[in-house]
Amino acid sequence: MATGSSFHSGGSGSRNGPSFASPSSSSSGVPGQAQPMAVVWEWQDDQGFWRPYTGQVSSYIEQCLQQQRGAGPSSSICLAQVDPSLSAYIIDIPNLKQFRQDTGKVRAVRRSLFPQSSALGSGVLWEWANDEGGWTAYEIRTSIMLEHSYQAGQATADLSPHGYNYIVDLTALQQVNKATSFRRHVRRQGSVPYPLASGSVIHSGPACSCHQCLSNSSAAGPMLSRSRHSFTAGQANRPSLQTQQGRLPGTSSSSAYSPYPRRPLSMGSLLWNGPWSTPTSVAHTSGPPQAFGHHANGLSIPTIPLHMNGSSSVNSALAAPAQKPEEVIKKYMEEVPVVPDEDCIICMERLSCPSGYEVPAECSQSLQPNTVGKLSKCGHTFHMLCMLAMYNNGTKDGSLQCPSCKTIYGEKTGIQPKGKMEIYSIPQSLPGHPDCGTIQIIYNIPPGIQGPEHPKPGQPYTCRGFPRFCFLPDNDKGRKVLELLKVAWTRRLIFTVGTSSTTGEPDTVIWNEIHHKTEMMSNVSGHGYPDPNYLDNVLSELASQGVTEDCLK
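Residues numbered from 1 in each chain as written. Predicted model: local features only at pLDDT ≥ 70, side-chain atom pairs only at ≥ 80, totals over all residues. Heavy atoms only, no water.

Caption draft 1: Broad picture of the pattern of salt bridges. Tallied over the full model, the rule gives 24 salt bridges. The closest approach of N and O atoms between Glu62 and Arg111, which form a salt bridge, is 2.8 Å. Of this pair, Glu62 sits in helix H2 (residues 55-68) while Arg111 sits in strand S6 (residues 106-115), and the two are 49 residues apart along the sequence. Both residues of the pair, Glu62 and Arg111, count as buried. (Salt bridge = Lys/Arg side-chain N within 4 Å of Asp/Glu carboxyl O. Helix = DSSP H or I, 4+ residues; strand = E, 2+ residues; numbered from the N terminus. Buried < 20%, exposed > 50% of the residue type's maximum accessible area, 1.4 Å probe, protein only.)

Caption draft 2: Quick look at the layout of surface pockets. The computed volume of the largest pocket comes to approximately 1,100 Å³. If you trace the largest pocket, you find 40 residues lining it, with Trp43, Leu86, Tyr89, Trp135 and Thr136 closest to the centre. When residues of the lining of the largest pocket are traced back to their parent elements, those giving at least two are helix H1 (5-8), strand S2 (50-52), strand S5 (97-100), strand S7 (125-129), strand S8 (135-137) and strand S12 (183-189). Tallied by class, the residues present in the lining of the largest pocket amount to 14 nonpolar, 15 polar and 11 charged. (1 Å grid on protein atoms, 1.4 Å probe; cavity = no way out; pocket = protein on both sides within 12 Å on 5 of 7 lines; lining within 4 Å. Points joined across faces, edges and corners; volume = space filled by probe spheres on them. Nonpolar A, V, L, I, M, F, W, Y, C, P; charged D, E, K, R; others polar.)

Caption draft 3: Region of the structure containing the sheet that holds strand S20 (residues 372-375). Ordered in space as S19-S20-S21, the 3 strands form an open sheet in which the pairing is antiparallel. The open sheet has two free edges, formed respectively by strand S19 (333-335) and strand S21 (381-383), since each of these has just one partner strand. Averaged over all pairs of adjacent strands, the angle between strand axes in this sheet comes to 40 degrees, irrespective of strand direction. Judged from the 3 bridges that link them, S20 and S21 form a sheet pairing that is antiparallel. Directly across from Val372, in S21, lies its bridge partner His383. Against the sheet, helix H7 (residues 325-332) touches S19 and S20, its axis set at about 80 degrees to S19. Contacts between helix H8 (residues 384-392) and the sheet are confined to S19, S20 and S21, with S21 contributing the most and set at about 80 degrees to the helix. (Pairing = 2+ DSSP bridges. Axes fitted to C-alpha atoms, helices over the stretch in contact; angles between N-to-C directions. Contact = heavy atoms within 4.5 Å.)

Caption draft 4: Molecular detail of the nonpolar core. Ile441, Tyr443, Leu472 and Leu485 are the most contacted members of the largest nonpolar core, which has 41 residues in total. Looking at this core, the elements with two or more residues in it are strand S24 (420-426), strand S25 (438-444), strand S28 (468-473), helix H9 (476-490), strand S29 (495-498) and helix H10 (534-544). When residues of this core are assigned to their parent elements, the largest contribution, 7 residues, is made by H9. If we ignore the near neighbours within four places in the chain, the residues touching Tyr443 are Lys420, Met421, Phe466, Pro467, Arg468, Cys470, Leu485, Trp489, Ile494, Phe495, Trp511 and His516. Core analysis: the next-biggest nonpolar cluster, separate from the first, contains 22 residues, Val328, Ile329, Met384 and Met387 among them. (Core = buried A, V, L, I, M, F, W, Y, C linked by side-chain atoms within 4.5 Å.)

Caption draft 5: Structural view of the packing of H7 against H8. One can describe the packing of H7 onto H8 by two numbers: an axis separation of 10 Å at closest approach and a directional angle of 125 degrees. Taken together, the axis directions place H7 and H8 in an arrangement best described as oblique. Viewed along their axes, H7 and H8 form a crossing whose handedness is right-handed. Packed against H7, whose contacting residues are Pro325, Glu326, Val328 and Ile329, the element H8 presents Met384, Met387, Leu388, Tyr391 and Asn392 at the interface. The residue inventory of the contact of H7 with H8, partitioned by class, reads 7 nonpolar, 1 polar and 1 charged. (Parallel < 35°, antiparallel > 145°, perpendicular 65-115°, else oblique. Left-handed = near helix turned anticlockwise from the far one by under 90°.)

Written out as structure tokens, the structure reads:
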């Protein structure tokens, strides 16, 4: 089906959502017996149409929800664990959103219930060839109709009842525009069957998407009103998934997929407890780690302990400033007796002219508009009052950064909100690094309220697409990058609070100029592997934030 107006302008037909069987209806004709219902997870495209995930992905999401059921409201599910081609996507369950990590694109998702059919029972989806050289799935109701027509041996299927001015030739596998006779290919794709919703249909109408209803794996739809939010609904067994070769890899009759490896008991993590307290988990880990941990996929995961040597910079970053801003400027700059004949690149005035900034009320008389200073290491000169204004506009952490050459004086810290960094090792190799395994980093930052160091103190900030999954090769250089990323994390430099460059959303947690690889098995977006220059590039980016090998000594 063509993208654009030709695809969507054809019809006055209904575009209703999924239909629900009445509790008294039955496919077998037995009064009072509910018709079996299948669960289909769908995402909404740019034209407002709902496109189904495959049966395998829908089953995986359901299993994750079942696994998370006893741990409170479900959070996020990474689709990389079930389909490497979807490695950039995370499902934000509480908000029912799909988040693409590399672009920031957000789409709505939903959990729909459909009467089980031969199409859903066999995992078949019908797709049409789009203009970008890929394949787009038909809406699930259209896919069901096409499969029914195909199984009945019909030569064609008319899509007019679904509001489309097309006929599908089921023999030639082509979609024909009835107005223009334009043809495009279609195909019939098989996958894992869509999961059955256990139990009976509770009521008709749209499915409830509250946390308890989504987490309730014992019902075939919304929870009964008497059970909703009571946390008393029982858990029922789900049918195990089967492929042509048998059970799906990593599954067993008693375990479900995990969205990411569970952290073994010996695994360290860097944890922020609050915006104005020292993280209690940042500590030197003593003793050898356990050899392996295990998670639901059956992989053995060697732990990577976090060694934090010396005192942390977190105290200086989070506590009240120990030095007055004027003292910091004087610490790293010295007044020059002869003013160079050049511009101050901060205020763009000549150094021989007064600074474009006024003297703050709390500043002593030693820094005047005409005072010019030189940074002690790089030697670049500026109005000292301009450097003071730049410092007061930053995190005021006791460090300075030359605006010309980016040399850092002191220890630079950022405004990254509270959160957690977890590290795992998995045996699979990354493209371009066949001789080693993979280091997986999981960053998780919850939404919260901006502190005094943030752009809008007292206002909330959002966190889209967390947890975020990142990957490094498990070789010498990859481990060096990992150690430096730990330092950057404790200094609050990995993320910041600002405006998303991809979505335009303000007051949200965004990356802070230290690039990460968020795709494991592909490099479609440029945020994956292979990339032979990535490790050198990220080392340069870390150095520009003041995080170098000297920090590890």
